[in-house]
Amino acid sequence: MTDLSPHELRIIVAVERAGSFSGAAAALDMTQSAVSHAIRTSEGRIGAVLFDRGRKGARPTAAGAGTVAHARRVLRLLEVMGAEARAAAAGPGGDGVPAGPLRIAAFRSAALHLLPPALDRLRARHPGIEPRVRVVREVGRGTAGEVLDGRADLGIATIGATSPVPKELVGGVLREEAYALVHPAGHPAPRTLPLLDWAESCTSYTREWWAAQDWIPPVTMEAEDDGAVLSMVARGLGMAIMPELSLEGAPDTVAITALGPERPTRSVGYVTTPELGRSLAVRALIRELRVSGG
């Protein structure tokens, strides 16, 4: 059995964060030699080299990257354990949900439109919770990757058949939303306009739907996010195919046209670890998200 103390786990995480032993030593108020010794001891106990050492600092090996993620998750569980124990010890006078940070990763439109009402209700019911929201692009490992790496307790993610919940996580669907054609209001022939797109736009399933539509031209312009695409459409620069969350609060200069019964859809949901999914604060947030998504 690998037996590492919380202090040793914090050193591993600090080295990865700082990118060097000296940076970790400064952050932890330790000497560089003590950090180096602790890492060597941890590597010996684990049986793998965790960091490549070089003139440019310390970079996690493949084994090290996974170890850092596990270390963050273990340290977070220790924080949750203490917070929940203190809440229980406070007795029936409290609300039963521990105080402290609740780390959330969300893609832009979810952070703008799905999260705020849920957080309003959460803070009203449990004022001791401190939501910390990071906006993460939903490309590559996306928000689920933030949870897997121990940087977030819960992620708002696009999930479904082509983007399933990672096997190490648990999750659920909060809302199903349809895509619509978005174009400048009053344009006589919006389907003749250039097509605007962004990297997070949709899943591979939706891309297959796009490919089967002979009226959709190749992408002419790409933007950083859906907000930029909507702004370009509002200025008459093109049309776009966008999901409902991205269209909340769309200006009057934009028209939204349904794509019919065979339109593409996407599922927006949450992901978390099995352990954190049983924690009181995460469960409270999920309840409020289900109200917002319903």
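Whatever comes next refers back to the structure up there.
Residues numbered from 1 in each chain as written. Predicted model: local features only at pLDDT ≥ 70, side-chain atom pairs only at ≥ 80, totals over all residues. Heavy atoms only, no water.

(A) A look at the overall build of the chain. Per the secondary structure count, the chain includes 11 helices and 11 strands. Referenced to the eigenvectors of the C-alpha coordinate spread, the extents of the chain come out at roughly 70 × 55 × 30 Å. Counting every position in the chain, which comprises 294 residues, the buried fraction comes to 47%. Of the accessible surface of the chain, which amounts to about 14,500 Å², a share of 54% is contributed by carbon and sulfur atoms. With 33 positive and 32 negative side-chain charges, the chain shows a separation of 5 Å between the mean positions of the two kinds. (Helix = DSSP H or I, 4+ residues; strand = E, 2+ residues; numbered from the N terminus. Buried < 20%, exposed > 50% of the residue type's maximum accessible area, 1.4 Å probe, protein only. Areas by Shrake-Rupley, 256 points an atom, 1.4 Å probe, with all protein chains shown as cover. Lys, Arg positive; Asp, Glu negative; His and termini not counted. Charge placed at Lys NZ, Arg CZ, Asp CG, Glu CD.)

(B) Quick look at the side chain of Arg76. Within the secondary structure, Arg76 sits in helix α4 (residues 62-89). Only 2.7 Å separates the side chain of Arg76 from the backbone oxygen of Pro101, close enough to count as a polar contact. When neighbours within four sequence positions are excluded, Arg76 is seen to be in contact with Pro101, Leu102, Arg103, Asp153 and Leu276. (Polar contact = N/O pair within 3.5 Å; in protein donor to acceptor, adjacent residues only side chain to side chain. Contact = heavy atoms within 4.5 Å.)

(C) Representation of the layout of surface pockets within the structure. In this structure, the largest pocket occupies an estimated 460 Å³ of space. Around the largest pocket, the lining is made up of 16 residues, and of these Val13, Arg17, Arg72, Glu79 and Arg103 lie nearest the centre. Secondary-structure elements contributing two or more residues to the lining of the largest pocket are α1 (6-18), α2 (21-28), α4 and β3 (100-106). Among the elements that make up the lining of the largest pocket, the one with the highest residue count is α1 (5 residues). Looking at the lining of the largest pocket, its residues break down into 6 nonpolar, 1 polar and 9 charged. (1 Å grid on protein atoms, 1.4 Å probe; cavity = no way out; pocket = protein on both sides within 12 Å on 5 of 7 lines; lining within 4 Å. Points joined across faces, edges and corners; volume = space filled by probe spheres on them. Nonpolar A, V, L, I, M, F, W, Y, C, P; charged D, E, K, R; others polar.)

(D) Representation of the environment of Thr158. Checked against the element boundaries, Thr158 lands in strand β5 (residues 154-159). Overall, the relative accessible area of 16% leaves Thr158 in the buried class. Beyond its immediate sequence surroundings of up to four residues, Thr158 is in contact with Phe107, Glu138, Ser163, Arg266 and Ser267.

The analysis is restricted to geometry; functional conclusions fall outside its scope.
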